[in-house]
Amino acid sequence: MSYTFHVDLRGIVDLLSHHLYASPRVYVRELMQNAVDAITAVRVNDPDHAGTIEISAPKAAGQPLTITDNGIGLTEPQVHELLATIGRSSKRDDLGFARHEFLGQFGIGLLSCFLVADTIQVRTRCGDNPTVEWLGSSDGSYQVRVLDGDDALAAPGTIVTLRPRRGAEEWLLPKTVRELAGLYGSMLPITVQVDGEPITTGLAPWETGEGEAQVARRARLLSYAEDAFGFTPFDVIDLDVAEAGLRGVAFVLPMPSNPAARVAHRVYLKQMLLSEGVEGLLPEWAFFVRCVIDTTELRPTASREALYDDTLLAQVRESLGDQLRGWMTRLGTVDEAKLQQFLRIHHLGVKALAVHDDEMLRLVEQWWPYETTVGPMTLAQFRDTYGVVRFVPSLDEFRQIAAVASAQGLAVVNAGYVYDAELLSRLPALDEKITTEALSASDLSTRLEELAPDEELRLRTFLVGAQRALDRFGVEVLIRAFDPAGLPALYLLDGDTALHLDLKRGQEDVDDVWASILGSFTAGRTDRPQLVLNHRNPLIRQAVTVTDPDLTVLVVEGLYVQALLLGRQPLRPVDTAALNQSFLGLLGRAMHGGAA
Ligand SMILES: Nc1ncnc2c1ncn2[C@@H]1O[C@H](COP(=O)(O)OP(=O)(O)OP(=O)(O)O)[C@@H](O)[C@H]1O
């Protein structure tokens, strides 16, 4: 036995009118859209038909809003079929596909009027057929009657009348209606008037007006962006995707933008505004532009507030992405200074893109100035001068080794900022002639000069004492000779060791269960941070001659904490205590002539 679904009409009307749309304001859009479609339907057979759409807003309390068009109108059977059947539309073909020339397609738009009114009156006349009045009510019932005499319409067309529901009056105020009609319909190809004033300008922002010079067009686009998006763009990029019937412009933000923030664009469908907040039009990396576009082929969702995410939208996204990349690479060839300025603002977006994109990586390599131990320079310049691109993948490590490396003439790139290490590691894939080498802080200790064995032996007593003093900090003491001679000690901690230490510290601070979990990561590791004393430093040369064990502890602890501070390492409570102890101890000794 088979049954058919039952439908609760009141529930459906409520769902479609109140819950599909984000705001009652869309009723103006739906009414204009129906009027435009009705005129388009006449033009199928009569292309020269001069369509007019006139909206009249209530001037006083109790008055209705009307929208009048001289479009195709409806016969009485069509009224029953189209106005009174939810989901039925004249804008679909026999196979149920949306007909290309029309804006509407779902057969539900008129219901949005129930957001602001309890009843919708439609008076309509198709050709020489009698005028029909349809009175639909939000409870799902409707009445139909034929109008004659003075009540009949004098010419074919349709008048829709809405009386504001109590509490919804603000949506029908003349000012609001004018604003909404202008917002949604200013680009429509058919003149729309609100209370006698046209709100349609016809010209899309990206079009070039007759005889308009490029400079004037640009100035107009800049001021459009100010009105629409609230910023004066860094540049304007024309967009065009033929297979989606898409034209438009992208405005480049003049300030850095947050890559995680939602990026909303203004999208028109067949010259009617879909939404000012459409997401997903561009690839995610393109967070540095805002677009305004019109498309004839992309599909709206039923609420008409977003684009349907289908394969065509995916193609559009890719194609628009290509156009933005093309703009960047072109800039590199025609206006280097401007490209550099752009990179200064949007390097994060460009670098994010360069992680997967060779062309963008080339752009970064050529134009982005990196911090290096020999001053700021691009990777291309660095490579030309030093051959191997040696880089340090963490900011802390770069800071630790920068002074020593530059004193030794060792050129190293700071790749400690977001994406940099990934980009540098990817450089050889771009060009096999490029060699890169990741350097860690502990690599540097092997580059520091070892002392002669007998010299090191001579310092043994001091080194044993120093190691004993630093055992409780988990630090290994070494002595090497290196430049700059002014630097007494260097604290070296590479990325792996730093992680290991973090885990260990975490283990000390948490309960047993966590401690055992963290312990499984640290078990078996013996790497320790290193304090490398500089034998070329006069103070160290003096320190190694100290025989008093207490003074050795004070000196070594002092050197250790100072090296931590220079390396911008965080101080643990035990380190701060060592700082106090050594500072006060050394002060005491100094004041008592070394006898504290
Ligand atoms: N001003 C009008 N003149 C002539 N026919 C109209 C008019 N307004 C509505 N109609 C008829 O009523 C039908 C239903 O309109 P409705 O706005 O609910 O849906 P739609 O425009 O077909 O699709 P969508 O839900 O996408 O807007 C339309 O398909 C059209 O045939």
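Here goes a summary of the coordinates provided. Keep in mind it's a predicted model, so treat the numbers as computed, not measured.

**Looking at the overall build of the chain**
Consideration 1: A tally of helices and strands in the chain yields 19 helices and 21 strands.
Consideration 2: Compactness check: the chain gives a C-alpha radius of gyration of 37 Å against a globular reference of 25 Å for 596 residues, more than 25% above the reference.
Consideration 3: Its C-alpha atoms put the chain at 120 × 60 × 55 Å along the principal axes.
Consideration 4: Here the chain holds 596 residues, and 47% of them are scored as buried.
Consideration 5: Put simply, 66% of the contacts in the chain that link residues at least 6 apart link residues at least 24 apart.
Consideration 6: Carbon and sulfur atoms make up 53% of the accessible area of the chain, which totals about 29200 Å².
Consideration 7: Charged side chains of the chain number 54 positive and 80 negative; the gap between the two group centres comes to 3 Å.

**A word on the layout of surface pockets**
Consideration 1: Taken as a whole, the second largest pocket holds about 340 Å³ of empty space.
Consideration 2: Around the second largest pocket sit 18 residues that line it, and Thr-461, Phe-462, Val-544, Val-546 and Thr-552 are the ones nearest its centre.
Consideration 3: At the level of elements, α13 (453-458), α14 (460-471) and α18 (549-566) are the ones that each hand at least two residues to the lining of the second largest pocket.

**Quick word on the sheet that holds strand β19 (residues 476-480)**
Consideration 1: Within the open sheet, the three strands sit side by side as β19-β21-β20. Their pairing is mixed. For this open sheet the edge positions go to β19 and β20 (489-492), each flanked by a neighbour on one side alone. Neighbouring strand axes in the sheet, compared pairwise and without regard to direction, differ in orientation by 25 degrees on average.
Consideration 2: Inspection of the sheet shows β19 paired to strand β21 (residues 530-534) by five bridges, in the parallel sense.

**Quick look at the pattern of salt bridges**
Consideration 1: Counted by the stated rule, this structure contains 31 salt bridges.
Consideration 2: Its salt-bridge partner being Asp-483, residue Arg-536 comes within 3.5 Å of it at the nearest N-O pair. Here Arg-536, found in the loop between β21 and α17 (538-543), pairs with Asp-483, found in the loop between β19 and β20; they are 53 residues apart in sequence, far enough to count as distant.
Consideration 3: Classification of Asp-483 by relative accessible area gives partly exposed; the value is 30%.
Consideration 4: Beyond isolated ion pairs, a larger network of salt bridges with shared partners links Arg-25, Arg-266 and Glu-276.

**Overview of the pairing of strand β12 (residues 272-278)**
Consideration 1: With respect to burial, β12 is a largely interior element, five of its seven residues being buried.
Consideration 2: The turn joining strand β11 (residues 265-269) and β12, which pair antiparallel and follow one another in sequence, is formed by two residues; a positive phi near 45 degrees is taken by Lys-270.

**A closer look at the site of the ligand**
Consideration 1: Lining the immediate surroundings of the ligand are 19 residues, of which Asn-34, Ser-89, Ser-90, Lys-91 and Gln-105 lie closest.
Consideration 2: Separating an oxygen atom of the ligand from a side-chain N or O atom of Glu-30 is a distance of 3.2 Å.
Consideration 3: Here the ligand has 590 Å² of accessible area as a free molecule, and 95% of this is covered by the chains.
Consideration 4: At the level of secondary structure, the elements contributing two or more residues to the shell around the ligand comprise α2 (26-45) and α3 (76-83).
Consideration 5: It is α2 that contributes the most residues to the shell around the ligand, four residues altogether.
Consideration 6: Across the shell around the ligand, the residue classes tally to seven nonpolar, nine polar and three charged.

**Concerning the environment of Leu-239**
Consideration 1: The residue Leu-239 is located in strand β9 (residues 235-241) in this model.
Consideration 2: Considered as a pair, Leu-239 and Ser-319 are 80 residues apart in the sequence and their alpha carbons are 9.3 Å apart.
Consideration 3: Excluding residues within four positions of it along the chain, Leu-239 makes contact with Leu-246, Arg-247, Gly-248, Val-249, Ala-250, Cys-291, Ile-293, Leu-320, Gln-323 and Leu-324.

**Brief notes about α14**
Consideration 1: For α14, built from twelve residues, the straight-helix expectation of 16 Å at 1.5 Å per residue is met to within 8% by its first-to-last C-alpha distance of 16 Å.
Consideration 2: Of all the residues in α14, the buried ones are Phe-462, Leu-463, Gly-465, Ala-466, Gln-467, Ala-469 and Leu-470.

**Some remarks on unusual backbone geometry**
Consideration 1: Note the cis peptide between Asp-483 and Pro-484, where omega equals 0 degrees.
Consideration 2: In the Ramachandran plot, Gln-271 falls in the positive-phi region, its phi being about 70 degrees despite a non-glycine side chain.
Consideration 3: Overall, Gln-271 belongs to the partly exposed group, its relative accessible area being 27%.
Consideration 4: With phi around 75 degrees, Tyr-419 is a residue other than glycine that occupies positive phi space.
Consideration 5: Here Tyr-419 is to be found in the loop between β17 (413-414) and α11 (420-430).

**Here we look at the packing of aromatic side chains**
Consideration 1: Under the counting rule described, the total for this entry stands at twelve aromatic pairs.
Consideration 2: Arranged with centres 4.8 Å apart and planes meeting at 35 degrees, the rings of Phe-473 and Tyr-560 form a pair that is tilted. Of this pair, Phe-473 sits in the loop between α14 and β19 while Tyr-560 is found in helix α18, placing the two residues 87 residues apart along the sequence. Accessibility assignment for this pair places Phe-473 and Tyr-560 in one class, buried.

**Describing α11**
Consideration 1: Along α11, the residues classified as buried are Asp-420, Leu-423, Leu-424, Leu-427 and Leu-430. End-on view of α11: buried residues confined to an arc of 100 degrees, all on one side of the axis.

**Things to note about the packing of helix α7 (residues 336-354) against helix α8 (residues 358-367)**
The relative placement of two packed helices comes down to the angle between their axes together with the axis-to-axis distance.
Consideration 1: The geometry of α7 relative to α8 is characterised by a closest axis approach of 10 Å and an angle of 130 degrees between their N-to-C directions. The orientation of α7 relative to α8 falls into the category oblique. By crossing handedness, the relation of α7 to α8 is classed as left-handed. The segment α7 lies against α8, with Glu-336, Leu-339, Gln-340, Leu-343, Val-350, Lys-351, Leu-353 and Ala-354 engaging Met-360, Leu-361, Leu-363, Val-364 and Trp-367.

**Observations regarding the environment of Val-236**
Consideration 1: Mapping Val-236 onto the fold places it in strand β9.
Consideration 2: Taking the C-alpha atoms as reference points, Val-236 and Val-418, 182 residues apart in sequence, are found 27 Å from one another.
Consideration 3: Setting aside its immediate chain neighbours within four residues, Val-236 contacts Arg-218, Leu-221, Leu-222, Val-249, Ala-250 and Phe-251.

**Notes on the sheet that holds strand β3 (residues 117-125)**
Consideration 1: Here eight strands make up an open sheet; going across it, the order is β5-β4-β3-β6-β2-β1-β7-β8 and the pairing mixed. Each edge of the open sheet is held by one strand with a lone partner, namely β5 (142-147) and β8 (197-198).
Consideration 2: Of the pairings in the sheet, the one linking strand β1 (residues 53-56) to strand β2 (residues 65-69) comprises four bridges and is antiparallel in character. Note on β2: the bridge partner recorded for Ile-55 is Ile-67.

Rules behind the numbers
Residues numbered from 1 in each chain as written. Predicted model: local features only at pLDDT ≥ 70, side-chain atom pairs only at ≥ 80, totals over all residues. Heavy atoms only, no water. Helix = DSSP H or I, 4+ residues; strand = E, 2+ residues; numbered from the N terminus. Rg over C-alpha atoms; globule rule 2.2 N^0.38 Å. Buried < 20%, exposed > 50% of the residue type's maximum accessible area, 1.4 Å probe, protein only. Contact = heavy atoms within 4.5 Å. Areas by Shrake-Rupley, 256 points an atom, 1.4 Å probe, with all protein chains shown as cover. Lys, Arg positive; Asp, Glu negative; His and termini not counted. Charge placed at Lys NZ, Arg CZ, Asp CG, Glu CD. 1 Å grid on protein atoms, 1.4 Å probe; cavity = no way out; pocket = protein on both sides within 12 Å on 5 of 7 lines; lining within 4 Å. Points joined across faces, edges and corners; volume = space filled by probe spheres on them. Pairing = 2+ DSSP bridges. Axes fitted to C-alpha atoms, helices over the stretch in contact; angles between N-to-C directions. Salt bridge = Lys/Arg side-chain N within 4 Å of Asp/Glu carboxyl O. Near = heavy atom within 4 Å. Polar contact = N/O pair within 3.5 Å; in protein donor to acceptor, adjacent residues only side chain to side chain. Nonpolar A, V, L, I, M, F, W, Y, C, P; charged D, E, K, R; others polar. Expected span 1.5 Å × (residues − 1). Phe/Tyr/Trp six-rings, centres within 6.5 Å; stacked < 30°, edge-to-face > 60°. Arc of directions from axis to C-beta. Parallel < 35°, antiparallel > 145°, perpendicular 65-115°, else oblique. Left-handed = near helix turned anticlockwise from the far one by under 90°.

Function-wise, these values are silent; they only describe arrangement.
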